[in-house]
Structures are given as structure tokens and as C-alpha cells.
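Fold and geometry: a report
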Amino acid sequence: MRHNSSRDLVIPGPAGCALMALALLAWCILFLKAEEQIPILVYMISGCLLVLVAALSDLHKSISATIASNEAAWDGCMIGVMLLLMITFRDDHYTLLLLGTIMAYATAVLGLNVQLGFTGVINFSAASFFGIGCYTAAILGTAGWPSLLCLVMGGVMAALVGCLLLAPVLRTSGHYAALVTMAFALLFRVFLEVSDLLGGPQGVAVPPMQMFGVDFSQAMQLWGSECSFYLRYDIALLILLSLSFAFVRRLERSWIGLSMDAVRSDETASACFGINIAKWKIVAFTLGNLLSGLSGALYGMMLAYISPANYAFADSLIFLSILLLGGIGNSWGVILATVFVVVVPEKFQVIQEYRYLLYAALVLFMIIYRPMGLLPRKVRNYGRLA
Amino acid sequence: MSALLSCTDLTMRFGGLTALDKLNLDVAKGDVLGLVGPNGSGKTTFFNVVTGIYRPSAGTVVFDGQDVTSRTAQEIYRLGIARTFQRSRLCLDLTVFDNVMIGNHKNLDMGIVHNLLARGRFRAECKRNLERVKTLLHGLNPALVKRVGQPVSMLSMIDRRRVEVCRALVSDPVLLFLDEPSAGMTHDETKRLMDEILVLSDGGKNFTVVLIEHEMEVIRRVTNRCVVLNFGRKLCEGDYETVTADPFVKEAYLGTELD
Ligand SMILES: Nc1ncnc2c1ncn2[C@@H]1O[C@H](COP(=O)(O)OP(=O)(O)OP(=O)(O)O)[C@@H](O)[C@H]1O
Ligand SMILES: [Mg+2]
């Protein structure tokens with residue numbers, strides 16, 4: 001615990017957080033602004049090298065110590081970075097959509113984190129629950145329901161449909177949960193394609209978000225200049241992500257999170273100490289699907305048009321690989337890995353076609369050489385107890 | 001004196017194998033009961049049946065006046081039976097505090113508002129529990145107090161055992177089951193651990209203990225009564241002298257060790 005100040009570079013408190021956030025912001029802007037493949041590659045490699053240097057030296061220790069002891073400041077800084085990025089790219093549809101995708105996926109993977117990372121409930125159909133959110137928003141929105149209600153219903157529907165899978169998920173022995181959720185993911189896609197009500201293979205339009213008399217699909221004015229309509233959605237997604245993040249983190253740092261961990265680690269011991277295994281698995285599975293559905297509904301509104309192709313089994317695998325890559329159980333790891341998985345194929349067109357191959361290779365590499373992920377989960381911190 | 005735990009004709013079959021065979025066993029309040037017997041004689045199975053991990057094939061278990069034969073493990077824990085496991089069942093990546101708190105589940109407020117929103121009250125509860133865990137750890141090994149926030153995987157085997165004992169003790173059980181707490185320890189370590197547990201139990205005043213133990217010296221020192229199992233049946237019972245004088249016991253189990 002004690003720091004050797006002569007060797008460690010001590011970055012002081014909130015100022016340190018702000019400094020790191022500024023560096024991150026600068027790098028993100030440069031990287032996102034770059035359009036030629038060579039500069040993109042240069043930024044990418046320099047970023048990776050920087051991370052590598054931090055990881056290999058003691059730098060990462062002082063960084064994580066600074067973050068851990070100034071959590072609120074760090075959270076604020078990260079929200080600030082996101083907002084400043086949005087403002088910087090306020091008229092750039094493409095980049096704003098990219099940022100929105102990151103935030104929507106990250107929210108969904110946070111849900112998966114509650115399921116698999118905390119409670120050990122495997123779910124190979126996260127993208128399907130995400131899709132249920134999208135389609136619910138499309139159908140209810142078309143039927144004239146208020147947007148906010150559509151959003152909530154997107155989450156609720158995902159959670160309700162998830163209840164269909166509860167029986168296999170609660171089976172402890174064997175790989176029932178894995179197999180049944182895989183089957184569900186495959187069936188869901190087929191169901192979308194054959195359902196006339198849901199638009200079949202062509203998909204359906206999703207009515208835009210309307211809130212406080214503001215139509216989210218209309219361009220927005222900011223300081224006299226015209227901004228992309230995606231900006232509003234990005235702000236909404238940032239709010240959803242921040243709330244989900246805070247929720248998941250509090251969950252982890254509570255007796256509920258502890259019980260979930262116990263269920264994951266050892267069901268026999270949990271039962272012998274009065275922990276209701278089925279209850280916590282149901283809670284985790286439902287909460288995870290709720291988060292997937294919520295983010296799906298909002299993301300669907302942002303896309304304005306959705307089709308079954310986005311909710312395939314392969315997309316569920318991407319959600320899972322984000323979690324594995326980021327560090328199972330670590331919410332910041334989820335964010336980092338989502339950024340990586342979403343941005344890299346977008347920025348390197350060469351990779352686009354081979355992205356599944358890239359993810360597969362990456363996940364294999366991680367499982368072999370760094371099974372805890374990029375940011376391994378820390379021990380539980382219940383907050384200041386002194 | 002009425003028994004705290006009373007098992008009648010308790011039978012547990014695994015397929016063709018009878019691990020417990022019409023076992024009649026009583027534990028009186030205040031007992032420190034030693035459960036001995038050769039490998040595979042059904043000692044752990046007895047714990048597993050009483051604590052609700054297995055449902056017995058036949059027979060009844062009465063605890064504190066209630067028939068608990070078909071209760072689940074969760075219900076039995078809530079009635080006040082806590083245990084340790086022969087093979088350590090700690091969550092290695094969780095901290096010492098987390099592991100012990102898992103054992104205190106019945107005293108924790110699991111309410112959503114309390115856990116997620118009223119964080120001030122939650123932290124106060126957390127702090128109380130932390131003090132309690134530190135006190136318990138101090139009783140077992142003062143050096144563990146400083147390590148309460150470390151993952152269990154960083155502890156030595158004997159300290160992990162202590163954490164397991166702590167986890168069983170933290171909920172103030174009425175009846176404590178210890179399944180070979182000394183497995184993998186030296187003689188001295190075993191004695192120390194047992195002394196620590198005995199101090200905490202205050203000779204059965206605070207809680208009643210059933211101890212599975214292969215080390216006869218430990219049995220002699222800490223128990224007031226023993227039951228010897230063989231092939232799931234009770235071979236004999238009584239105090240240490242009675243039991244070790246039994247010719248069947250000598251032959252079946254203790255012969256080589258006593259010579
Ligand atoms: N779940 C199970 N399924 C099948 N057989 C079992 C099961 N649990 C225990 N047994 C068998 O029951 C018998 C008694 O086992 P138990 O673990 O109770 O012995 P023990 O007295 O604790 O032995 P040890 O001193 O080695 O711990 C053994 O033959 C064992 O193989
Ligand atoms: Mg045993």
C-alpha cells in the first residue's frame with residue numbers, strides 16, 4: 001500500500017486526473033480526425049506503445065492509485081472527455097455515430113458483465129436482447145407511444161423475453177445455458193427475418209426520439225453553428241451509459257455484488273451460507289438483459305432504421321469478446337475494450353472484412369497470455385470505511 | 001438432557017454405495033464432539049446430509065426441536081448450523097473480508113435501497129462488520145487483521161483455514177461443523193488452531209462443535225466425546241478413553257496409531 005515516492009511518479013489528486021484526461025482527449029481527437037491510413041496507424045501504434053510503457057514500468061501503478069483515490073474526479077473527467085469529443089466533432093455524422101455506437105455497446109456489455117462477470121451466468125445472445133430493445137422501440141414508436149416509454153419498454157421487453165430462458169440458465173450442471181442462449185440467438189435472427197410484422201429481412205424504421213418537444217432527428221444549433229442530429233443521441237447515450245455504469249459499480253460494491261460473486265465462485269459454499277443461488281442468477285440475468293434492451297432501444301432510435309443483420313449470433317460473440325478483452329468483471333475494462341473493438345475496424349478499412357478473425361485471434365491471445373483481460377478486476381472496495 | 005442435534009436412522013445411499021447406514025447420533029448442547037473413522041467412512045457425508053447439501057435416503061434429523069430432514073442448505077444455515085469444508089471452498093480472488101462476509105449472509109441487509117442508494121447507511125453497516133471480522137481474525141491470528149483487504153489467494157494454507165473458520169463463526173452459529181480443519185497442517189499448527197477455536201467457543205458455552213479429525217491427539221485434547229464411524233455405521237461412542245479402549249476401534253482404525 002505504501003508508495004515509494006523516490007521511485008514512483010506521483011501524480012497529485014484531481015489535477016492528475018484532469019491531466020491524464022486532457023492527454024487522452026488530445027490523443028482521441030488526433031486519432032479520430034486522422035483520415036489517411038498512415039497517420040491512423042502512427043497514432044494507433046504510438047498509443048499502444050504508451051500503454052505498453054505504462055504497463056511495463058511502475059507508471060500504471062501510480063496511474064491506477066491516482067484514479068482509485070480520486071474516483072469522483074476521474075468519473076467527471078471521463079464524462080468531460082466524452083462531451084468535449086462530441087463538441088469537437090459536432091458536425092461530423094460519422095464520428096458522432098461511432099461515439100454513439102461505443103456508448104450503446106458499452107452499456108450492453110456492462111449488462112453482460114453483471115451476468116457473466118459477476119454472477120457467472122453465460123449468455124451467448126446479448127445481441128439478441130439488444131435487438132429486442134431496438135425492435136420494441138420501432139414497434140411501439142410507430143404505434144405512437146411516447147419515446148421515453150418506448151425506451152423503458154425496450155429494456156422491459158428484453159428482460160421479459162429473457163425470462164423464457166431462465167429454466168436452462170438456472171441449470172447448474174453442464175452447458176445448458178451456453179447452448180440454449182446460442183440457440184436463442186440463432187432463432188431470434190431467423191424469427192426477425194420471417195416476421196412480416198417486424199419487416200422481414202428488410203427491417204423496419206424506428207421513429208426518432210421526441211422529448212420535451214424536441215425532435216432528435218432534427219439538426220441542432222450550437223453557438224450559432226449547425227450540428228449533426230446525432231449529437232443529441234450521443235448526449236442521451238452518454239447519460240444512459242453513465243447511469244448504467246454508476247448502477248453496475250454500486251451493485252458490485254454492495255452485498256448484492258458480493259452474493260453474485262459467491263454464486264459464481266462456489267455454489268455449494270454459497271448454499272451453505274444461505275445465499276439463494278437461483279434468485280441472484282435471475283436478478284443478474286434480468287438486469288443484464290434490461291441494460292442490453294435499454295441501450296438497444298436508444299441505439300435503434302439513433303440508427304432510425306434497423307434490420308435483422310445487426311442482431312446475429314456473431315454480434316453476441318462480439319459483445320462477449322469485448323468483456324473477455326476488457327477484463328471480466330471490470331467496468332472500466334468494458335469501456336476500454338468497447339472503444340477498441342468498435343473503433344479499430346472502423347478506422348482501418350483493411351481490417352473491416354477480417355474483423356471477426358481479428359477478434360477471434362485477439363480473444364485467443366488474451367485467454368492464453370492475459371486471461372484476466374486488459375484491465376483485470378480489482379478487489380472489491382466498499383467505499384471509505386475509515 | 002435433550003439433544004441439540006439428533007439424528008435417527010440416518011441413511012445416505014449413492015447408487016449402490018451406502019455412505020451412511022442407519023446412523024443414530026446425538027449432539028448435546030455444549031458438546032465438543034469428535035467424529036473419527038477411516039477414510040470413506042461417511043464423516044463428510046454426515047455433515048453434507050445434516051447441512052442440507054444432500055437429502056438423506058432415509059432417517060430424520062432434528063435440530064433444536066425442529067425436524068430439518070428435508071430443509072435446504074440455506075434454511076439450515078439460517079437455523080444456526082455453520083460449517084467449514086474438508087477441501088477449502090474459499091473464493092480465492094475475493095478478499096479475506098469478502099469471504100468472511102459471505103458467511104454472514106443472514107445478518108446482512110440485502111435490500112435494494114439499502115445497497116444501492118442509502119450508501120451512507122450501507123457503509124456504516126460495512127464498517128461494523130469490518131470491526132467484527134477484525135476481532136474474529138485477531139482471535140485466530142493477529143497478523144491476519146492487517147491482511148483483511150487482501151485476496152485470499154495471497155494467504156498461506158493455514159491462514160486460509162483460519163479464514164474459513166472465521167467465515168463459519170461470523171454468523172454466531174449455534175452448531176459449528178469443522179471438517180478436518182487441520183488438513184495439510186503440522187501438529188503444532190493444528191493444536192494452535194484448535195486452541196483458538198476452543199477459546200472462541202468457550203468450552204461449548206458460545207456454540208457447540210462437531211469436529212472431524214484424524215489426529216487422535218487433537219481429539220484427546222479438545223473433545224469431550226467421540227463417535228467412531230466405520231462404513232457409515234457407528235462403531236462406538238464415548239469419551240476418548242472409552243473409545244480408544246474399544247477393540248473394534250483399535251482394529252478398524254486406531255490400532256497402528258496407538259502402538
Ligand atoms: N456425492 C457422492 N457421490 C457418490 N459417492 C459419494 C459422494 N460423496 C461421498 N461418496 C462416497 O461416500 C463414502 C463416504 O465418503 P465421505 O466423504 O463421507 O468419507 P469421509 O469419512 O469424510 O472420508 P475422509 O476421511 O477421506 O474425508 C465414500 O465411499 C465416498 O466415495
Ligand atoms: Mg471427509
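Residues numbered from 1 in each chain as written. Chains lettered and ligands numbered in written order. Predicted model: local features only at pLDDT ≥ 70, side-chain atom pairs only at ≥ 80, totals over all residues. Heavy atoms only, no water.

**Examining the coordination of the magnesium ion (ligand 2)**
Residues and elements named next belong to chain B.
- Distances from the magnesium ion (ligand 2) to its protein donors, Thr44 (OG1) and Gln86 (OE1), fall at 1.9 to 2.1 Å. Remark: Gln86 occurs in the loop between β6 (81–83) and α3 (96–102) and Thr44 occurs in helix α1 (residues 43–50); sequence separation between them is 42 residues.
- The class for Thr44 is partly exposed, based on a relative accessible area of 24%. (Donors = N, O, S within 2.8 Å, 3.2 Å for Na, K, Ca; no water. Helix = DSSP H or I, 4+ residues; strand = E, 2+ residues; numbered from the N terminus. Buried < 20%, exposed > 50% of the residue type's maximum accessible area, 1.4 Å probe, protein only.)

**Some remarks on the packing of helix α5 (residues 93–118) of chain A against helix α11 (residues 255–265) of chain A**
Residue and element names in this part refer to chain A.
- Where α5 meets α11, the axes come as close as 8 Å, and the angle between the chain directions of the two elements is 50°. Taken together, the axes of α5 and α11 lie oblique to each other. Where α5 approaches α11, its residues Val114, Leu116, Gly117 and Phe118 are matched on the opposing element by Met260, Asp261 and Arg264. (Axes fitted to C-alpha atoms, helices over the stretch in contact; angles between N-to-C directions. Parallel < 35°, antiparallel > 145°, perpendicular 65-115°, else oblique. Contact = heavy atoms within 4.5 Å.)

**Thoughts on the domain arrangement of chain B**
Residues and elements named next belong to chain B.
- Per the domain assignment, the segments making up chain B are domain 1 (1–80 + 173–259) and domain 2 (93–171).
- A straight line from the C-alpha centre of domain 1 to that of domain 2 covers 27 Å.
- In this complex, domain 1 contributes 18 residues to the contact, which on the side of domain 2 involves 13 residues.
- Roughly 1400 Å² of surface becomes buried between domain 1 and domain 2 when both sides are summed, with 63% attributable to carbon and sulfur atoms.
- Where domain 1 touches domain 2, the interface holds one salt bridge. (Domains from an automatic or database assignment. Buried area = accessible area lost by both parts, 1.4 Å probe. Salt bridge = Lys/Arg side-chain N within 4 Å of Asp/Glu carboxyl O.)

**Focus: the packing of aromatic side chains**
- Evaluated as defined, the whole model comprises 25 aromatic pairs over all chains.
- With centroids separated by 6.5 Å and ring planes inclined at 50°, the aromatic side chains of A:Trp255 and B:Phe97 adopt a geometry described as tilted. Note that A:Trp255 is positioned in helix α11 and B:Phe97 in helix α3, a pairing that runs across two chains. Residue A:Trp255 shares its accessibility class with B:Phe97, and that shared class is buried.
- Three or more aromatic residues joined by ring pairs make a cluster, and in this case those are A:Tyr105, A:Phe130, A:Tyr299 and A:Phe319.
- In this arrangement the basic side chain of B:Arg89 is found over the ring face of B:Phe85, its NZ or CZ atom lying 5.5 Å from the centre.
- Across the ring face of B:Tyr77, the terminal group of B:Lys106 is positioned such that the distance to the ring centre comes to 5.3 Å. (Phe/Tyr/Trp six-rings, centres within 6.5 Å; stacked < 30°, edge-to-face > 60°. Lys NZ or Arg CZ within 6 Å of the ring centre and 35° of its normal.)

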